[in-house]
Amino acid sequence: MERIRLDYNYVSSAFIKGGMGETDFEQYKEKARLGLSRLIDLVNSGSIGFPNLKGQNTVAMKSFAKEIKGSVNDFIVAGIGGSSLGLETLCDALLPFGYNSLSYGERGSKPRIWVADNVDPSKVASIMNTCEPDDTFICVISKSGSTVETAANFNILYEWLKSNVKDISKKVVVITDPDKGIMRSIATEKKFRAFDVPSNVGGRYSVLSPVGLLPAAVLGMDIDRLIKGGASITSDNYEMILVLASIYMYYMDNGRNMNVMMPYSSRLKSFSAWFCQLWGESLGKRYDRSGKEVFFGSTPVPSVGVIDQHSLVQLFKEGPSDKLVTFIEVLNHESDKTLKSSFPAYDYLNGHTMGELCNVELKATEAALKNTGKPSLKLIIDVLDEYTLGQLFMLYQYVVPVIGLAHDIDPFDQPGVEEGKEYAYGLLGRDGFEEKKKAFTEIYRKQNDFIL
Ligand code: PA5
């Protein structure tokens, strides 16, 4: 089964008190259609480009990956947010657990992978302590080219590499905007290899561009299958996008201001984080597109089954009725193991598989939530691979902007993030941000009375 499926029984009024009735489905689908038509207009006008990534040429990425294979032991990516979360999702989902601890041979002569995202110094320090500079390649990813965290990590890594290797230009690859930004100028000036993030593809919508695909190719993933999976989401029709967007919008309007993403697989843990960034940054907006103050959005909550059955599920089931839970079920888990009990008390496990246990527990949680009137829906994939991961990415890259645009929200900007970035530039003394420093000083007043 290649097709991703959506089971939305437990959002319906047939099962959940206050759930969606037929008229609600019709009404919200109409709203979703409006969002979709606005999105398609933006795509047709060239302002938004993520849907067009399905037509991209992958030859250069694959030949770059071929060059890297067997030539270095470590591949360090400097990037953050939309420039790192997609890659981390790919690594968690498609590489074996403990990939970096495997030997070079076990990894098939592919490099280990490190992501320098945070500016917690201990992270980049431990990456540098683990890697040998003359056996390392640096990949810097920044759409804007100006992100301070990426600039800091890149500079530290670059200095370290420069003082240890002869021709550094052969050890760096840049992924950035084709024309604009500091990173593009650096790549040109230093003659670094560079791959483009199309100008109309924003950070959190870029996983299926070189941002995710180039490192994925280096790690031996089938990037054409990722693209194909993504493309399949819209190849038949937009039905799943419309239904999913309708459900989320209905529940946002009906007091469910927490949106929980709970895949039942540790391999999808980072997918929850990727989803949360996409949802939060795209939909959390103070103003709509006409400038009216709306304070729109709902809070995405990352979760993982079955682990959170021993943590958050108590709250999901018996706490406030403010959540909608989205489960992801993987029908056939990789490396599944049949259980054989060595102790009579555990005989009930005999003959079942670990994957089966995972999916039984998912169904049990669905039932438990339903029993207290808590709504949930479930995406079902047969196996977790490049194709289905591409589907999951593309599905939400559509659903989220459809919801935003249906409410006349701009799901492609992030003005709230920009403000904080600009204050930080001002505080660090960056030219042109003197006014921001002043504004910060005005705002950031505190009284000692409130400090213990
Ligand atoms: O979605 C976005 O645009 C942001 O989350 C960015 O991905 C993040 O801020 C990093 O930006 P950049 O890729 O420009 O360094």
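Residues numbered from 1 in each chain as written. Predicted model: local features only at pLDDT ≥ 70, side-chain atom pairs only at ≥ 80, totals over all residues. Heavy atoms only, no water.

- You'll find the protein entered in an unreviewed UniProt entry as Glucose-6-phosphate isomerase, with Geovibrio thiophilus given as the organism.
- One UniProt comment on the protein, placed under Function (unreviewed entry), says "Catalyzes the reversible isomerization of glucose-6-phosphate to fructose-6-phosphate." (UniProt positions renumbered as here; feature names shortened; annotations may be inferred.)

### Regarding the site of the ligand
Consideration 1: Every one of the 14 residues lining the ligand counts as a neighbour, but Ser-142, Ser-144, Thr-147, Gln-277 and Glu-281 are closest to it.
Consideration 2: In this structure, an oxygen atom belonging to the ligand sits 2.9 Å away from a main-chain N or O atom of Lys-143.
Consideration 3: The contact in question runs from an oxygen atom of the ligand to an N or O atom on the side chain of Thr-147, over 2.5 Å.
Consideration 4: When the ligand sits alone it has 380 Å² of accessible area, and the protein chains cover 91% of it.
Consideration 5: Here the residues of the shell around the ligand are counted per class, giving 1 nonpolar, 9 polar and 4 charged. (Near = heavy atom within 4 Å. Polar contact = N/O pair within 3.5 Å; in protein donor to acceptor, adjacent residues only side chain to side chain. Areas by Shrake-Rupley, 256 points an atom, 1.4 Å probe, with all protein chains shown as cover. Nonpolar A, V, L, I, M, F, W, Y, C, P; charged D, E, K, R; others polar.)

### A look at the sheet that holds strand S10 (residues 299-302)
Consideration 1: Strand order in the open sheet formed by 5 strands is S1-S12-S11-S7-S10, and the pairing between neighbours is mixed. Looking at the sheet topology across the chains shown, the edges are occupied by strand S1 (5-7) and S10. In this sheet, neighbouring strand axes are inclined to one another by 20° on average, regardless of whether the strands run parallel or antiparallel.
Consideration 2: Here 6 bridges tie strand S11 (residues 323-330) to strand S12 (residues 376-381), and the two strands are oriented parallel to one another. Bridge pairing in S12 links Val-325 to Ser-376.
Consideration 3: Relative to the sheet, helix H10 (residues 269-283) contacts strand S7 (258-263), S10 and S11, its axis offset from that of S10 by approximately 175°. (Pairing = 2+ DSSP bridges. Helix = DSSP H or I, 4+ residues; strand = E, 2+ residues; numbered from the N terminus. Axes fitted to C-alpha atoms, helices over the stretch in contact; angles between N-to-C directions. Contact = heavy atoms within 4.5 Å.)

### Quick word on the UniProt feature "active site" (unreviewed entry) in the protein
Consideration 1: In the numbering used here, UniProt assigns the feature "active site" (unreviewed entry) to Glu-281, His-310 and Lys-421. A maximum C-alpha distance of 37.1 Å among these annotated residues, which run over 141 residues, shows that they spread across the structure rather than meeting at one spot. Checking the annotated residues one by one, the ones that line the second largest pocket turn out to be Glu-281 and Lys-421.
Consideration 2: Along the polypeptide, Glu-281 turns up in helix H10.
Consideration 3: Take Glu-281: its relative accessible area is 24%, and that puts it in the partly exposed class.
Consideration 4: In this view, Glu-281 contacts Arg-204, Cys-276, Asp-413, Gln-414 and Val-417; residues no more than four positions away in its chain are not counted.
Consideration 5: Within the structure, Glu-281 has its side chain in polar contact with the side chain of Arg-204 (distance 3.0 Å).
Consideration 6: Within the secondary structure, His-310 sits in the loop between S10 and helix H11 (313-318).
Consideration 7: With a relative accessible area of 68%, His-310 lands in the exposed category. (1 Å grid on protein atoms, 1.4 Å probe; cavity = no way out; pocket = protein on both sides within 12 Å on 5 of 7 lines; lining within 4 Å. Buried < 20%, exposed > 50% of the residue type's maximum accessible area, 1.4 Å probe, protein only.)

### Some words on the nonpolar core
Consideration 1: Counting residues in each nonpolar core, the largest one holds 99 residues, and the members touching the most others are Phe-75, Phe-271, Leu-379, Leu-389, Tyr-396 and Ile-403.
Consideration 2: At 13 residues, the largest contribution of residues to this core is made by helix H13 (residues 386-406).
Consideration 3: There are two domains that each give this core at least three residues, and those are domain 1 (5-41 + 233-406) and domain 2 (52-227).
Consideration 4: Discounting residues that sit within four places of it in the chain, Ile-403 has contacts with Ala-245, Tyr-248, Met-249, Met-252, Trp-279, Leu-283 and Phe-296. (Core = buried A, V, L, I, M, F, W, Y, C linked by side-chain atoms within 4.5 Å. Domains from an automatic or database assignment.)

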